Structures are given as C-alpha cells and as structure tokens.
Amino acid sequence: MRLIFTHACWMILELLRQPAYIVSTLAFPALFYVIFAIPESTNQESSNFLMASFTGFANFGVLFLQFGVGIAQERSKSWYHYLRTLPLNSAQLMFARFLSSYIFSIFAILVIVILALIFTAAKMTALQWLYFTLAHLSLGLVFCFMGLCLGYFSEEKSALPIGNLIYLPLTFAGGLWKPPALLPESLKTISEFLPTRQYGEVLWSIVAGQRIETEYLLGLGLYGLFFIGLSYIGVSKDFKARMS
C-alpha cells in the first residue's frame, strides 16, 4: 500500500504542474453550474436537485474523460514503458491512478457544493451529506472502469474526441444538464437505461430525502461489471502487444 500511495502522490504532483488540466477539471463544470444551474435554483428543492446533477456531471467528467484520455496519452510515451519496470504490478499501478483521479474529482465536486451553499438555497441533513458523499465515491468506480476502456481502446490523438462524443451526449441524455422531464420525447425512454441517468437518480433521491430504488443500483452494478470485463480485455490486449 505504501508504494501505491507514493505513486499516486507523484501522479497528483505531475498533474498539479499542468495548469491547463487544473483549470479544465475544476473550472469547466463549475462554469457550467454558474451559467445553467444557479439561475434556475429558485428554492431548496431545485437547488438540491441541480447541485446533485452538476456534481454528478463533474465527477463523471473527471473519472471518465480525464482518466481515460490520460491513459491513452501515457501509453504513447516512453514513460509508460518505464512504469512497467517499477516494483508495482499492473493492478497496483491502476489503483494508484484511481486514487489520483478521485482526488481531483472530489475537488471538482467540492467547488460546485461550495458555490451551491453560497449562492443557492441548497441544504441537506448531515446524514444526507454522508450518503451523498458515499454515492459519489462508490458509484464513481463505474466511470473509472469506463475510462479504462476509453484509455485502452483508443489512441492518443483519438481519445479526446471519442471521449467527448461519449461524455457530452451521456451527460445530456442522462439528465445531468437539465431535468429528465425536460428532455426531448425521443430521448426520455433511452435515458432511463443510461448509466448517467441511473447515477443521477441515485443522487436525486438522496438530496430529496427519498428512498433509492434498487433498480438504479442494480443497473449501475451491471454496467460496472461490463466495463470491468471490457477494460480487462483492453489491458490484456495492450500487454500482449507490448510483449510481442
């Protein structure tokens, strides 16, 4: 574990030296929240709902897009070969990357929460905040493995455009930009089966103080298993290609 945490710290330090990464990770979702959510946060119910939506948007963006693109870019550099010589196996290296990504996703979420508490009527009980935090941390794993698939099934130049083609439609169709009730009729049925919609439903239930439907957790669990299997194929394929 000490080696994992050490490697994660170095990865965090590397990203902190890239101002463009920090700005895009923290400022982009916060800017969207300020423009689209704060003006619509007219009462506690709407404020909580939109805070949940845009923190989900931020968490998904970091754990899927930034995580996946980072892996694809790393694979094209000689640094990737050096990492293979370190006294950590592939699983430990991946766990370290998970930790570093979660640090930035937590900060991205925290910026939106602070904005919500300052400029809107968002308010929850201590227990709701606990469930809210645990939901982001646990369900975010689904998007980490989704990012792994992006990183190992795309190349450096194609990862970002492919990632955006997945990220933006999924967040919109999943109801993380605007409530699902306001989605076009053609998207409403499809939306219910998307991981972002199921993720949002869990968050919305928590901030509204309602019971979380089992079907949403089950759906995310199935998506998680699918992406774990797919990412395992991608990692194995990459390892065999570099060994041959």
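Rules and cut-offs
- Residues numbered from 1 in each chain as written.
- Predicted model: local features only at pLDDT ≥ 70, side-chain atom pairs only at ≥ 80, totals over all residues.
- Heavy atoms only, no water.
- pLDDT = per-residue confidence, 0-100.
- Helix = DSSP H or I, 4+ residues; strand = E, 2+ residues; numbered from the N terminus.
- Buried < 20%, exposed > 50% of the residue type's maximum accessible area, 1.4 Å probe, protein only.
- Contact = heavy atoms within 4.5 Å.
- Expected span 1.5 Å × (residues − 1).
- Polar contact = N/O pair within 3.5 Å; in protein donor to acceptor, adjacent residues only side chain to side chain.
- Patch = residues over 30% accessible without salt bridge, like charges linked within 9 Å, V, L, I, M, F, W, Y side chains within 5 Å.
- Areas by Shrake-Rupley, 256 points an atom, 1.4 Å probe, with all protein chains shown as cover.
- Salt bridge = Lys/Arg side-chain N within 4 Å of Asp/Glu carboxyl O.
- Phe/Tyr/Trp six-rings, centres within 6.5 Å; stacked < 30°, edge-to-face > 60°.
- Bend = angle between axes of the 7 residues up to and from the residue.

Enquirer: Which residues make up the confidence of the model for the chain, and what values do they have?
Expert: A low pLDDT means the predicted coordinates there should not be read in detail. On average, residues of the chain score 87 in pLDDT, and 89% of them are at 70 or above. Confidence scores differ between elements of the chain, with helix α4 (residues 78-83) showing the lowest mean pLDDT of 62 and helix α9 (residues 195-207) the highest of 98.

Enquirer: Outline the environment of Arg97, supporting the account with residue identities and numerical values.
Expert: Residue placement: Arg97 occurs in helix α5 (residues 90-119). Residue classification places Arg97 among the buried residues on the basis of a relative accessible area of 10%. Along the chain, Arg97 and Met11 lie 86 residues apart, while their C-alpha atoms are 7.4 Å from each other. Those residues in contact with Arg97 that sit more than four places away from it in its chain are Met11, Phe67, Gly70, Ile71 and Glu74.

Enquirer: Tell me about helix α3 (residues 44-75), residues and numbers included.
Expert: Residues spaced three or four apart along an α-helix face the same direction, because each turn holds 3.6 residues. Its 32 residues give α3 an end-to-end C-alpha distance of 46 Å, which sits within 8% of 46 Å, the value for a rise of 1.5 Å per residue. The N-capping residue of α3, defined by a side-chain oxygen 3.2 Å from the backbone nitrogen of Glu45, is Asn43.

Enquirer: Describe a nonpolar patch on the surface, and please don't skip the residues or the numbers.
Expert: Judged by side-chain polarity, Ile103, Phe107, Leu110, Ile114, Ile118 and Phe119 come together as a nonpolar surface patch covering roughly 580 Å² of accessible area. Here Ile118 is to be found in helix α5. For Ile118, a relative accessible area of 57% corresponds to the exposed category.

Enquirer: Lay out the packing of aromatic side chains in plain terms, naming residues and giving numbers.
Expert: Here the structure, examined in full by the defined rule, presents 19 aromatic pairs. Centre to centre, the rings of Phe49 and Trp204 are 4.8 Å apart; their planes meet at 15°, and the pair counts as stacked. Pair noted here: Phe49 is in helix α3 and Trp204 is in helix α9, with a separation of 155 residues, a long-range link. Since its relative accessible area comes to 7%, Trp204 is described here as buried. Ring plane angle 50° and centroid distance 5.5 Å describe the contact between Phe60 and Tyr167, whose orientation is recorded as tilted. Of this pair, Phe60 sits in helix α3 while Tyr167 sits in helix α7 (residues 156-173), placing them 107 residues apart in sequence. Take Phe60 and Tyr167: they sit in the same class, and that class is buried.

Enquirer: Account for the side chain of Asn48, naming residues and giving values.
Expert: Looking at where Asn48 falls in the secondary structure, it is placed in helix α3. Beyond its immediate chain neighbours, meaning those up to four positions away, Asn48 contacts Ala122, Lys123, Met124 and Val207.

Enquirer: Explain helix α6 (residues 126-153) residue by residue, including any values.
Expert: For α6, with 28 residues, the first-to-last C-alpha span of 41 Å sits near the 40 Å given by 1.5 Å per residue. Along α6, the helix axis deviates most sharply at Leu141, where the bend reaches about 30°.

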